[in-house]
Each structure stands twice: as structure tokens, then as C-alpha cells.
Amino acid sequence: MAEAASPSPSSRPRLALFDLDHTLLPIDSDYAWGAFTTTLGWTDPVAFARRNAEFFAQYRAGTLDIHDYVRFATDAVRLQGPEAADAAHRRFMAEVIGPVLLPAARALVEAHRAAGDEIVIVTATNAFVTRPIAQALGVRELIAVDLARGADGWITGAIEGVPSAREGKVLRMEAWLDARGWRWADVETTFYSDSLNDLALLEKVDHPVATNPDPRLRALAAERGWRILDLFAPVGATEEEK
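*Asks:* Give me the lowdown on the sheet that holds strand β2 (residues 118-126), citing residues and values where you can.
*Replies:* Strands sit in the order β3-β2-β1-β6-β7-β8 across an open sheet of six strands; the sheet is parallel. Each edge of the open sheet carries a strand with a single partner, namely β3 (141-145) and β8 (227-229). Each adjacent strand pair in this sheet contributes to an overall mean axis angle of 20 degrees, direction not counted. Bridging between strand β1 (residues 14-18) and β2 involves four bridges; their strand directions are parallel. Looking at β2, one finds that F18 is bridged to I121. Each of β1, β2 and β3 is contacted by helix α7 (residues 167-179), which is oriented at about 140 degrees to β2, the strand it contacts most.

Spelled out as C-alpha cells, the structure:
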């Protein structure tokens, strides 16, 4: 069973922050959702794979425009409409996500819950994909990429507000704290992430934990003396890191 970090005693409220993809999940939920929509016939598999690979290369190079990516990633579901989208997502949860909600990740979340910590998932994947996953983990507080909605209430393909990616995760967390009348100094924070893309938030918290870390983060964590936690082996070799 996974064990929560054991920070020094503190009278401050404790927050356990989690990245999602490759951290609590051994896959990338955004990538998996795109692949799933292809199996439904919503996208051309060759064209979709080629474009997705281009975005992944940009991501690895640090040049990804997240607004362009989100428009691409949500185009198929946007065209299908809300009823078909919700039905498809229920199948996605049952067929794709359910089997990879592994005991080690559930145990880690539950350890923090049992310790009385407030749990927040902070992910760069959009809220349409991730809200049901957070609910399946029993996590109420989700900071994800919010999708803009048109007059009809359905998604437009644009991002609403600050995207929760890279430094945006820090900004979104600060807004979350501010809404509760807190500053960083008022809370004791632990953040679990697999990726160096989350360096800004890892450096901001009291207890960074490199979780199933990519090679760059693993090396940096070892250099800085950060805790390294391997919950599970990665699934697949082509899934996008978040």
C-alpha cells in the first residue's frame, strides 16, 4: 500500500496536490480519450495520429501552444454534441480508465484523506475528460483546463481563463487559495508529479514528490534530494506526458 508523505508537524491546513496523467494514472487520459474517439469513428485514425504526434513533438520541445492543442483535442467531441459526448465518456470510464485506476494510486489518495488533508487534482488535461476521473477517485477539488462554452452551453474548443499547464498550475492554485482566504504561507503543501513540466509548482510547495518521474525529473529530484515515489510502471510507450 502506498504511504503518504510525512511532513513535519504543523498547525497549518495540509493540502495534497496531485498531477493526474502518469502520476495517479499510468496513462495519459487526454491521449487515451483521443484514441478512444478514433475507435468510435469520430476521427480519421491516420490524420489524427499524425497531428497528435506533431503536437507531442511540440510539447517535448517546449513550444506547444496549448490553445491550439485543446482546439484539436476537443474538436471531435464538440461536433458530436453533449448527449453523445456524455455517453461516450461513460464508456471511456468503464473501458479505459476503470482498469487503470490502480490500487497503489487509490491507496495514496486515501492515505492523505485519512490524515485529514485537503486533496486537489491539478492537471493540464481539460475538465471534460478529467472531472469523472477525479470523481472516481473520490476527489472533489479539481483544477483542470476549463473549456469555454457558447450561448448553447456546449464547448466551443477555446479555453476559459488561465490554462492549468506549466506555470499556469501555480496561478490557478493561487486563485484557488485566494478564494479560500489563504496564501501559500497559510497552508502546508505536498505535490505529486511525474513531469519536469510541473517544475514551477514542484518548486512552490513545501514537499515536492517526483512520482513515476520522467528521466529529467528523476535526475533533478535526486540532485535536490526530493522524495521519489514509483507507484507503478508506465503503460505504453507513446502516450503523452502531462
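*Asks:* Lay out the side chain of H89 with the relevant residues and their values.
*Replies:* Among the secondary structure elements, H89 is positioned in helix α4 (residues 82-97). Among the polar contacts made by the side chain of H89, one reaches the main-chain carbonyl oxygen of F128 at a distance of 3.3 Å.

*Asks:* Describe the nonpolar core, with residues and values.
*Replies:* Counting 50 residues, the largest nonpolar core has F18, W33 and I121 as its most contacted members. The next biggest cluster of nonpolar side chains, apart from the first, holds 20 residues, and it includes L17, I143, A221 and W226.

*Asks:* Talk me through helix α3 (residues 66-80); I want residue IDs and the actual numbers.
*Replies:* Here α3 contains 15 residues, and its C-alpha end-to-end distance of 22 Å stays within 8% of the 21 Å for a straight helix at 1.5 Å per residue. The largest bend in α3 comes to about 45 degrees, at T74. Buried residues of α3: I66, Y69, V70, F72, A73, T74, A76 and V77, and no others. Measuring from the side-chain oxygen of the N-cap residue of α3 to the backbone nitrogen of H67 gives 2.9 Å; that N-cap residue is D65.

*Asks:* Lay out the packing of α4 against helix α6 (residues 127-136) with the relevant residues and their values.
*Replies:* Axis separation between α4 and α6 bottoms out at 11 Å; the angle between their running directions is 50 degrees. By the angle between their axes, α4 is oblique relative to α6. In this structure, α4 meets α6 at a crossing whose hand is right-handed. Residues A85, D86, H89, F92, M93 and I97 of α4 touch α6, and the partners they reach there are F128, V129, P132, I133 and A136. Taken together, the residues of the contact of α4 with α6 break down into nine nonpolar, one polar and one charged.

*Asks:* Go over the pairing of β3, please, and point to the residues and values.
*Replies:* Each regular strand shows side chains that alternate between the opposite faces of the sheet. The element β3 is extensively covered by neighbouring structure, given that five of its five residues are classed as buried. In this fold, the crossover linking β2 to β3 by way of α6 has right-handed handedness.

*Asks:* An account of the packing of helix α1 (residues 29-39) against α4 is needed here, citing residue identities and associated values.
*Replies:* Working note: a packed helix pair is described by the angle between its axes plus the distance between those axes. With their axes 11 Å apart at the nearest point, α1 and α4 run at an angle of 115 degrees to one another. Overall, the two elements α1 and α4 adopt an arrangement that is roughly perpendicular. At the point where α1 passes α4, the crossing takes the right-handed sense. Two secondary-structure elements touch here, α1 through S29, A32, W33 and F36 and α4 through A85, A88, H89, R91, F92, E95, V96 and I97.

*Asks:* For the packing of aromatic side chains, give the residues involved together with the corresponding values.
*Replies:* Going through the model one piece at a time under the given rule, you end up with 12 aromatic pairs. Taking the centre distance of 6.3 Å and the plane angle of 80 degrees together, the rings of W33 and W42 count as edge-to-face. Here W33 matches W42 in class, with each residue buried. An aromatic cluster of three or more residues is present, and its members are W33, F36, W42, F92, F128 and W154.

*Asks:* Account for the pattern of salt bridges, with residues named and values stated.
*Replies:* This structure, assessed with the given rule, holds 16 salt bridges. The partner of D206 in a salt bridge is R12, and the shortest N-O contact between them spans 3.9 Å. Of the two residues, D206 sits in the loop between α8 (199-204) and β7 (207-211) while R12 sits in the segment before β1, which places them 194 residues apart along the sequence. The shortest N-O distance in the salt bridge between E110 and R113 comes to 2.9 Å. Of this pair, E110 and R113 both sit in helix α5 (residues 103-114), three residues apart, roughly one helical turn. Using a relative accessible area of 40% as the deciding quantity, one classes E110 as partly exposed. Several salt bridges share partner residues, and in doing so they unite E118, R140, E141 and R180 into one network.

Parameters at a glance
- Residues numbered from 1 in each chain as written.
- Predicted model: local features only at pLDDT ≥ 70, side-chain atom pairs only at ≥ 80, totals over all residues.
- Heavy atoms only, no water.
- Pairing = 2+ DSSP bridges.
- Helix = DSSP H or I, 4+ residues; strand = E, 2+ residues; numbered from the N terminus.
- Axes fitted to C-alpha atoms, helices over the stretch in contact; angles between N-to-C directions.
- Contact = heavy atoms within 4.5 Å.
- Polar contact = N/O pair within 3.5 Å; in protein donor to acceptor, adjacent residues only side chain to side chain.
- Core = buried A, V, L, I, M, F, W, Y, C linked by side-chain atoms within 4.5 Å.
- Buried < 20%, exposed > 50% of the residue type's maximum accessible area, 1.4 Å probe, protein only.
- Expected span 1.5 Å × (residues − 1).
- Bend = angle between axes of the 7 residues up to and from the residue.
- Parallel < 35°, antiparallel > 145°, perpendicular 65-115°, else oblique.
- Left-handed = near helix turned anticlockwise from the far one by under 90°.
- Nonpolar A, V, L, I, M, F, W, Y, C, P; charged D, E, K, R; others polar.
- Right-handed = clockwise from strand over helix to strand, strands pointing away.
- Phe/Tyr/Trp six-rings, centres within 6.5 Å; stacked < 30°, edge-to-face > 60°.
- Salt bridge = Lys/Arg side-chain N within 4 Å of Asp/Glu carboxyl O.

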